[in-house]
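Analysis of the macromolecular model
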Amino acid sequence: MFQLDPLDSRLHGFPAGRDGAVNLYGGYDPATGEWRIMIYPGTRAYEPAYVTVQSANQISDLQLIGASEADGALLPRMYRNDGSGFTTNTFNAGFRQPVQCVSVVAADFDNDMDVDLYLVCKRGGGNIANRAFENQGDGTFVEVPNAGGASGPVGGGWTTRKGWGDSATTADFDNDGSLDLFVSNGLTTFPVLPNAGPHKMYFGVPNGNRWIQLELVGTSSVANAQGARVVATANGVSQLREQGSGYHRFSQNHDRLHFGLGQNNSVDLQVTWPDGNIENYDNVAANRVYRVVEGAGLQPRPNGPVASFRAAGPGDECGEPYYESRLDRAVLIWKDCVTGVWSVRTAGGGKAEVRYSIDVSGSDLQSVQPRLLETQDGASVQSNNAVFDFRTAGVDVDGFDFQVANNGGSGGVCFNVGGSSNVPVLLGAQHLPVQAPISLPGLNACATSTPVGISMADVQADEASGTVTASLRLNQASSGVTSVRVFTRAKTARGGTDYFGFSRIVTIPAGVISVPVSVNLINDSTSESDEEFELRLIDAVNAQIDDAVATVTIIDDDDASTSLSIADRSVNEGQGSINITVSLSQSSSQAVQVKIFTRAGSARGGSDYFGFTRTLDFAPGQLTRTTQLVLRDDSTAEPTEQMQLRLTDPVNAGIARSQATITIQDDD
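Notes on the structure follow. (Residues numbered from 1 in each chain as written. Predicted model: local features only at pLDDT ≥ 70, side-chain atom pairs only at ≥ 80, totals over all residues. Heavy atoms only, no water.)

**A closer look at the sheet that holds strand β10 (residues 167-171)**
- Spatially, the three strands line up as an open sheet ordered β10-β11-β12, and their pairing is antiparallel. The strands lining the two open edges of the sheet, one partner per strand, are β10 and β12 (200-202). The average angle at which neighbouring strand axes cross in this sheet is 20 degrees, direction not considered.
- Inspection of the sheet shows strand β11 (residues 180-184) paired to β12 by three bridges, in the antiparallel sense. Bridged to Val 183 within β12 is Lys 200. (Pairing = 2+ DSSP bridges. Helix = DSSP H or I, 4+ residues; strand = E, 2+ residues; numbered from the N terminus. Axes fitted to C-alpha atoms, helices over the stretch in contact; angles between N-to-C directions.)

**Topic: the pattern of salt bridges**
- A complete count under the given rule lists 17 salt bridges for this structure.
- A salt bridge links Arg 36 to Glu 34, with the nearest nitrogen and oxygen atoms 3.6 Å apart.
- Across the salt bridge formed by Asp 401 and Arg 345, the nearest N and O atoms sit 3.1 Å from each other. Here the residue Asp 401 occupies a position in strand β27 (residues 397-404), and Arg 345 occupies one in strand β22 (residues 341-348), the gap between them amounting to 56 residues. Here the two residues Asp 401 and Arg 345 agree in accessibility, since each one is buried.
- Within this structure, Glu 215, Arg 256, Arg 291 and Arg 301 form a network of salt bridges that share partners. (Salt bridge = Lys/Arg side-chain N within 4 Å of Asp/Glu carboxyl O. Buried < 20%, exposed > 50% of the residue type's maximum accessible area, 1.4 Å probe, protein only.)

**Topic: the state of the cysteines**
- Enumeration according to the criterion identifies three disulfides in this entry.
- Note that Cys 101 is cross-linked by a disulfide to Cys 121, the S-S spacing being 2.0 Å. One disulfide, between Cys 101 and Cys 121, carries an S-S torsion of 70 degrees and so falls in the right-handed class. Within this pair, whereas Cys 101 is found in strand β5 (residues 101-107), its partner Cys 121 is found in strand β6 (residues 116-123), the two being separated by 20 residues in sequence.
- Here Cys 318 connects covalently by a disulfide to Cys 337, the sulfurs 1.9 Å from one another. With the S-S bond torsion at -90 degrees, the cross-link from Cys 318 to Cys 337 turns out left-handed. Here Cys 318, found in the loop between β20 (297-301) and β21 (329-336), pairs with Cys 337, found in the loop between β21 and β22; they are 19 residues apart in sequence, far enough to count as distant.
- Take the cysteines of the protein chain that form disulfides and number them in order along the sequence; they join up as 1-2, 3-4, 5-6. (Disulfide = S-S within 2.5 Å.)

**What about empty space enclosed by the protein?**
- Summed over the entire model, instances satisfying the criterion amount to one cavity of 30 Å³ or more.
- As a volume, the largest cavity reaches approximately 40 Å³.
- Going through the elements one at a time, β26 (385-392), β36 (482-490) and β39 (531-541) are the ones with two or more residues in the lining of the largest cavity.
- The element best represented in the lining of the largest cavity is β36, accounting for three residues.
- Grouping the constituent residues of the lining of the largest cavity by class yields four nonpolar, two polar and three charged. (1 Å grid on protein atoms, 1.4 Å probe; cavity = no way out; pocket = protein on both sides within 12 Å on 5 of 7 lines; lining within 4 Å. Points joined across faces, edges and corners; volume = space filled by probe spheres on them. Nonpolar A, V, L, I, M, F, W, Y, C, P; charged D, E, K, R; others polar.)

**Some remarks on the sheet that holds strand β35 (residues 467-474)**
- Pairing is mixed in the open sheet, where four strands are placed in the order β38-β35-β33-β40. Either end of the sheet is taken by a strand with one partner, and the two such strands are β38 (514-520) and β40 (544-545).
- The pairing of strand β33 (residues 453-456) with β35 spans three bridges and is classified as antiparallel. Counted as the bridge partner of Met 456 is Leu 472 from β35.

**Description of the nonpolar core**
- Ile 454, Met 456, Val 468, Leu 472, Val 486, Phe 533 and Leu 535 are the most contacted members of the largest nonpolar core, which has 28 residues in total.
- When contributions to this core are tallied by element, the ones reaching two or more residues are β33, β34 (459-462), β35, β36, β37 (503-508), β38, β39 and β41 (549-555).
- Among all residues touching Met 456, those that are not within four sequence positions of it are Ala 470, Ser 471, Leu 472, Val 486, Val 517, Leu 535, Leu 537, Asp 547, Val 549 and Ala 550.
- Of all hydrophobic cores here, the second largest spans 25 residues; its members include Val 331, Trp 342, Val 423 and Ile 438. (Core = buried A, V, L, I, M, F, W, Y, C linked by side-chain atoms within 4.5 Å. Contact = heavy atoms within 4.5 Å.)

Right, here's the structure in full:
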């Protein structure tokens, strides 16, 4: 590392000659304000080098000098084997844009009976997104957005402590019939980052398509059956695999041969062994692993257990895990085993909003510090309990830090995750999955006792009271703070019309049995039936929900003696329009208002009539209002059709009959 100072005259100008050795040249032009850095490989064909320039001022007009074609993106080449040689078929195959990638692996990732492609990509300054191309079954390819979830970390270089894209290998690591990917990011600025990474494992998601996998064992041929050929035929489609372990850039795939079979339940197999012997197996059942022994036949094998991670133990909590917030949707927890500080982070993984309800509690809890919270996030921090409600989306990261006093000697801390997140909880630098609630630092189950239950009873109130109050109750006092999210849900009563809806976390302090929860009501002058809405409970912390729903009844207090109604009508299509009358049951001293709207039946808006939504106003003492429905007179012979007119949202009156059926008789 050295300092570039434009005032240092020794750095002015550019070297005129080269001495034949590998060198890094640099200089400054005071006239243009330009720095130039050049690497000379000496007598070698090329010399790899990594140069990082940092400045407190903005760096502009960055230009690459002397670059070769291989230093930038290139159009990939697709070569089709015609039996007698290769022909280029790149553009017609769908590869029409340059790529900057270093490794490719081919496999049937979606089990649809054709081979797809996955590319590991990078540029000189670091990683760029990896790319995947799905075979359309006719030899053409379409790029899969976000590489199907395996686009990988972006960026790199020693300043960000990341390695660069290197290679990929494929195998069915978890034995579910869908091929998985292991992607190494091993290219790095050695010796600054000797371990490179992060290396990534991407698990294929089964999609219902069927598959078969074969393990070949040679007897008269070589034991690993290198060079054997297998043709799998199902529903008239034949696929070829050769036993070669899929060797490619610094890597090779699992030597178990994999065929996707689409929706076929069986497949015919032809195995040609390296010594030329041919064996045929017909109607082999799909979704199985088979061992094929030369001369001894086909033997079903157990698919094997779905891969699982080892259980986390003391010491695994140490070290911050690597994660990409735009890719990894998870709750991550780790400990800095030097400072003793525990950290929790929630990552959005590039998805829509994920709700995380996280709490830590216990007599050893101390020094809780929220981190990276935004206005939509909630936090309640007390002496022995902290509750967080995170709304994490996209590339957001939320979290908090805390410490465990006395190394947990007074009972430790219980860490729990609730909410609707349904995402993994990963521990330490090794990303080991753990099941919450979990006790810290021991990493075992939290101590249990008679569970604290939380519920809310039904309640009712007069509309004119303005407020209804329900009681949020525990079945026993809790030694820690209890919380739950309470939200309203409409039934016959509607938020914004009959009450003010909400969703919020309600906290019950330690030692307290119940707290009130109030909802503001809207007192209108509309005569209507008694109506209901619900208060619902979710995401309880330090309690289990015994009864998640309370019904709230709003008792109407308005005069129902004046009511609105609308009558059925019949009309000939050729008439063009019909007047619709809305009537009051009796004269009112107040102005009355109601909305009327059309609703399609066998007659449809735009085809048989012109739909509308209107407001009708009745002056005091007025008993009827008329509005016009315009018909569409066509020349098509059709049966008699019907539609409806409906009344809603009355003011200063009730509704006795809210719907009228309009029958349109055809005249063609």
